[in-house]
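# Commentary on secondary and tertiary structure
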Amino acid sequence: MKAAVFYEVNQPLVVEEVELDDPKAGEVMVKIGAAGVCRSDRHFMHGDAPIARPVVLGHEGAGTVEKVGPGVTSVHPGDQVILSFVPACGLCKSCLEGHSNLCDSHAATGPFMYDGTTRLHKGDQAIHHMGKVACFAEYAVVPETGCVPVPSPIPMDKAAMIGCCVPTGVGAVLFSAKVTPGSTVAVVGCGGVGLNVIMGAKLVNAAKIIAVDIRESQLEFAMKFGATHSVNASDRDPVAQVKELTGGKGADYTFEVFGSADTTKAAYDMCGKRGTVTVVGIAPVGAEAAINAVDLVRNEKTLRGTYYGSARSRTDMPTMVDMYQSGKLNLDDLVVRHYSLDQINEAYGDMDKGEVGRGAIVFD
Ligand code: APR
Ligand code: ZN
Ligand code: ZN
């Protein structure tokens, strides 16, 4: 089958033929329908986050079950499924405590299947599976635990979004920050994930939703998803601008959705008394943000990170499908660019250029 393989940092992905083995016990082969173009893959490509190579990237995907390995009972050939880049083993401490987004069994095996081997290879060369998903490929073999059945099918490109940017963004609002109605929210970084934070804030009836970005186009686009105000961080200090929009107080909830020390500090500084700062973006390895230690205490701020929106894939993803179907999540306007697998480097180039909305790789 054809896959986009990541060999070298800062080099284009190589779209080529690779071999994919049949699913083993507890595994599922999925024919990929669509795969989202998310910045997390870009962090690996730029060497800002480490990953074993060669590897097939792509962690925001959905498709149709092609075949199942021995013992698989929860999905069947023909089912539409969303892939979770943190499969929930259901047995570890994190899973049992309700934090399957941090599953210990997955963390221990990373870009390998649970048995420590790969199903992807090129001749004798093993190829790793990003997040046990690896959906920049025509097919993927994934653990059954990372294969979330969709109750009633939706378009593949929308389903793919529910594999990462929707739970990461909407989940950050609902499950981590737990934004309350009537509050003021500021979102730093309004790309695919940030727009989902904005949609989440709208969903819970935040009174003021301030979009912060360095690009005017992103800010205008964010208005479609519920932003009520915008701040262009390339014009003037975004912290001062958010303070002006909040009567000098700062926002009740701020979200960092780019991934850098500077934007983390900005999100912290624009948060008001007793406010909550939620860091969603993944900064380069080793990045450190300077936080005012006295302000943290005197203003009783809360600073926390959230991974995968603190969502539980197997229960929260089907709920998010329902939210899309009932018109509460505007995924139709979110996925605006479609590419073939051969165009994957172009798709990431468009992300670098700051094209609005989410791109998706679509398969026949
Ligand atoms: N201040 C505000 N916004 C910024 C800044 C800045 N200094 N620098 C970049 N941005 C904006 C970009 O213009 C873009 O709109 O941040 C946005 C990032 O969006 P995408 O590139 O679409 O990235 P996305 O896929 O949304 O991921 C965001 O979340 O899950 C993590 O790993 C992911 O760290 C990444 C983050
Ligand atoms: Zn992602
Ligand atoms: Zn687990």
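Our structure is the block above this text.
Quantities reported herein were computed from a predicted structural model and do not represent experimental measurements.

Let's shift gears to the overall build of the chain. Secondary structure summary: the chain contains 13 helices and 19 strands in total. Relative to a compact globule of 364 residues, whose C-alpha radius of gyration would be 21 Å, the chain shows 20 Å and is just as compact. Dimensions along the principal axes, computed over C-alpha positions, put the chain at roughly 60 × 40 × 35 Å. Across the 364 residues of the chain, 56% fall into the buried class. Put simply, 70% of the contacts in the chain that link residues at least 6 apart link residues at least 24 apart.

Here the focus is the coordination of the zinc ion (ligand 2). The protein atoms that coordinate the zinc ion (ligand 2) are Cys-38 (SG), His-59 (NE2) and Cys-164 (SG), at distances of 2.0 to 2.3 Å. Here the donor residues of the zinc ion (ligand 2) share one chain and are spaced in sequence as C-x20-H-x104-C. Within this pair, whereas Cys-38 is found in the loop between β4 (27-36) and α1 (39-45), its partner His-59 is found in the loop between β5 (55-56) and β6 (61-68), the two being separated by 21 residues in sequence. His-59 matches Cys-38 in its accessibility class, with the two residues each being buried.

This part covers the packing of aromatic side chains. Inspection of the entire model under this criterion finds four aromatic pairs. Consider the rings of Phe-85 and Tyr-308, whose centres lie 3.7 Å apart with planes at 10°: the pair is stacked. In this pair, Phe-85 sits in the loop between β7 (80-83) and α2 (93-96) while Tyr-308 sits in the loop between β17 (302-305) and α11 (313-325), placing the two residues 223 residues apart along the sequence. Among the residues examined, Phe-85 registers a relative accessible area of 9% and is labelled buried. For Tyr-308, a relative accessible area of 3% corresponds to the buried category. Judged by centre distance (6.2 Å) and plane angle (70°), the ring pair of Phe-136 and Tyr-348 falls under edge-to-face. A residue pair is termed long-range when its members are at least 10 positions apart, and Phe-136 in the loop between β9 (125-129) and β10 (139-143) and Tyr-348 in helix α13 (residues 344-353) qualify at 212 residues. Look at Phe-136 and you get buried, because its relative accessible area is 0%. One aromatic cluster in this structure is built from Phe-85, Tyr-307 and Tyr-308. Over the ring of Phe-6 we find Arg-53, and its NZ or CZ is 5.6 Å from the ring centre.

As a further point, take the coordination of the zinc ion (ligand 3). Put simply, the ideal angle at a metal is 109.5 degrees for four donors in tetrahedral geometry and 90 or 180 degrees for six donors in octahedral geometry. The zinc ion (ligand 3) binds to the protein through Cys-89 (SG), Cys-92 (SG), Cys-95 (SG) and Cys-103 (SG), with metal-donor distances spanning 2.3 to 2.4 Å. Spacing between the donor residues of the zinc ion (ligand 3) along their common chain follows C-x2-C-x2-C-x7-C. As far as burial versus exposure is concerned, Cys-92 and Cys-95 are alike and both buried.

Right, let's get into the side chain of Asn-196. Mapped onto the elements of the fold, Asn-196 is located in helix α6 (residues 192-203). At 3.5 Å, the side chain of Asn-196 forms a polar contact with the backbone oxygen of Cys-165.

At Gly-171, helix α5 (residues 165-177) is deflected by roughly 50°, the largest bend along its length. Among the 13 residues that make up α5, eleven are buried, leaving the element largely enclosed by the rest of the structure. Cys-165, Val-166, Pro-167, Thr-168, Gly-169, Val-170, Gly-171, Ala-172, Val-173, Ser-176 and Ala-177 are the residues of α5 that are buried. Looking one or two residues past α5, Lys-178 carries a phi angle of roughly 55°, positive in sign.

Basis of the calculations
- Residues numbered from 1 in each chain as written.
- Chains lettered and ligands numbered in written order.
- Predicted model: local features only at pLDDT ≥ 70, side-chain atom pairs only at ≥ 80, totals over all residues.
- Heavy atoms only, no water.
- Helix = DSSP H or I, 4+ residues; strand = E, 2+ residues; numbered from the N terminus.
- Rg over C-alpha atoms; globule rule 2.2 N^0.38 Å.
- Buried < 20%, exposed > 50% of the residue type's maximum accessible area, 1.4 Å probe, protein only.
- Contact = heavy atoms within 4.5 Å.
- Donors = N, O, S within 2.8 Å, 3.2 Å for Na, K, Ca; no water.
- Phe/Tyr/Trp six-rings, centres within 6.5 Å; stacked < 30°, edge-to-face > 60°.
- Lys NZ or Arg CZ within 6 Å of the ring centre and 35° of its normal.
- Polar contact = N/O pair within 3.5 Å; in protein donor to acceptor, adjacent residues only side chain to side chain.
- Bend = angle between axes of the 7 residues up to and from the residue.

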